[in-house]
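So you can see what is in the structure, the chains are spelled out below.
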Amino acid sequence: MQKAGIIAALQPAFIYGEADGYPGLLSREKQGEFLPLASYARAGGVRGPGHRRAAGSPQPVLGPVLGGDPQGGHQLEVRERVTPAAALRMMTLNGAYLSGEEHIKGSLEVGKLADLAVLLTDLAFVSEEDLRAISVDLTVIDGRVVYRREART
């Protein structure tokens, strides 16, 4: 994929937000192949979201990592799941690359747009169960705060 310049523009949040409907639509074999995120990576392909806003879930990192529905019921094949760090890269750096905007977004650097979400948990060290409970504390788009979670007392 890398040598051929193939880029996979995907919608990985569908895995998490829509997985409970897959058994009625796809055979078990096809469910496991539905969104081959890890296979794309093994083939050297760049994977990222196919749209600027993730569809299906407000927590787009969950689909590629957990590979199933929010309640932990129906699960897609484990072989295509990715780590939280790989999912985060898909949604940030790779997403910017796919849209040709890597020079202005996708990472926190001087001169780039300040689009970010602040979490109180480091995705590199979170358990699968804790990942389900992560909430966003602050969201900034174009340098403006557009969401701030209310402080709990």
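As shown above, the structure is provided for reference.
What comes next concerns the included structure. (Residues numbered from 1 in each chain as written. Predicted model: local features only at pLDDT ≥ 70, side-chain atom pairs only at ≥ 80, totals over all residues. Heavy atoms only, no water.)

Focus: the overall build of the protein chain
Then comes step 1: Scanning the protein chain for helices and strands turns up seven helices and five strands.
Then comes step 2: What you see in the protein chain, going N to C, is helices and strands ordered as β-α-α-α-α-β-α-α-β-α-β-β.
Then comes step 3: Here the protein chain holds 153 residues, and the buried ones make up 36% of them.
Then comes step 4: Long-range contacts, defined here as pairs at least 24 residues apart, represent 64% of the contacts in the protein chain between residues at least 6 apart. (Helix = DSSP H or I, 4+ residues; strand = E, 2+ residues; numbered from the N terminus. Buried < 20%, exposed > 50% of the residue type's maximum accessible area, 1.4 Å probe, protein only. Contact = heavy atoms within 4.5 Å.)

Some details on the sheet that holds strand S3 (residues 116-119)
Then comes step 1: Taken in spatial order, the three strands make up an open sheet running S3-S4-S5, and their pairing is antiparallel. Since the sheet does not close on itself, it has two edges, and those belong to S3 and strand S5 (144-148), each with one partner. When strand polarity is set aside, the average angle formed by the axes of neighbouring strands in this sheet is 20 degrees. (Pairing = 2+ DSSP bridges. Axes fitted to C-alpha atoms, helices over the stretch in contact; angles between N-to-C directions.)

Notes on helix H6 (residues 84-98)
Then comes step 1: Here H6 spans 20 Å end to end across 15 residues, near enough to the 21 Å set by a 1.5 Å rise per residue.
Then comes step 2: Along H6, the largest kink reaches about 40 degrees and is centred on methionine 90.
Then comes step 3: What H6 keeps buried is the set Pro84, Ala87, Met90, Met91, Asn94, Gly95 and Ala96.
Then comes step 4: Where H6 ends, the next residue or the one after it, glycine 100, has phi of about 70 degrees, a positive value. (Expected span 1.5 Å × (residues − 1). Bend = angle between axes of the 7 residues up to and from the residue.)

A few points about the pattern of salt bridges
Then comes step 1: Counted by the stated rule, this structure contains four salt bridges.
Then comes step 2: Residue lysine 105 is joined to glutamate 101 by a salt bridge in which the shortest nitrogen-to-oxygen separation is 3.7 Å. Each member of the pair, lysine 105 as well as glutamate 101, is classed as buried.
Then comes step 3: Note that aspartate 137 is salt-bridged to arginine 149, the shortest N-O span being 2.3 Å. Here the residue aspartate 137 occupies a position in strand S4 (residues 136-141), and arginine 149 occupies one in the segment after S5, the gap between them amounting to 12 residues.
Then comes step 4: Taking relative accessible area as the criterion, aspartate 137 reaches 14% and is therefore assigned buried. (Salt bridge = Lys/Arg side-chain N within 4 Å of Asp/Glu carboxyl O.)

Observations concerning the nonpolar core
Then comes step 1: One finds Leu37 and Leu131 to be the most contacted residues of the largest nonpolar core, which totals 14 residues.
Then comes step 2: Setting aside residues up to four positions removed in sequence, leucine 37 forms contacts with Leu10, Pro12, Ile15, Arg47, Pro64, Glu80, Val82 and Met90. (Core = buried A, V, L, I, M, F, W, Y, C linked by side-chain atoms within 4.5 Å.)

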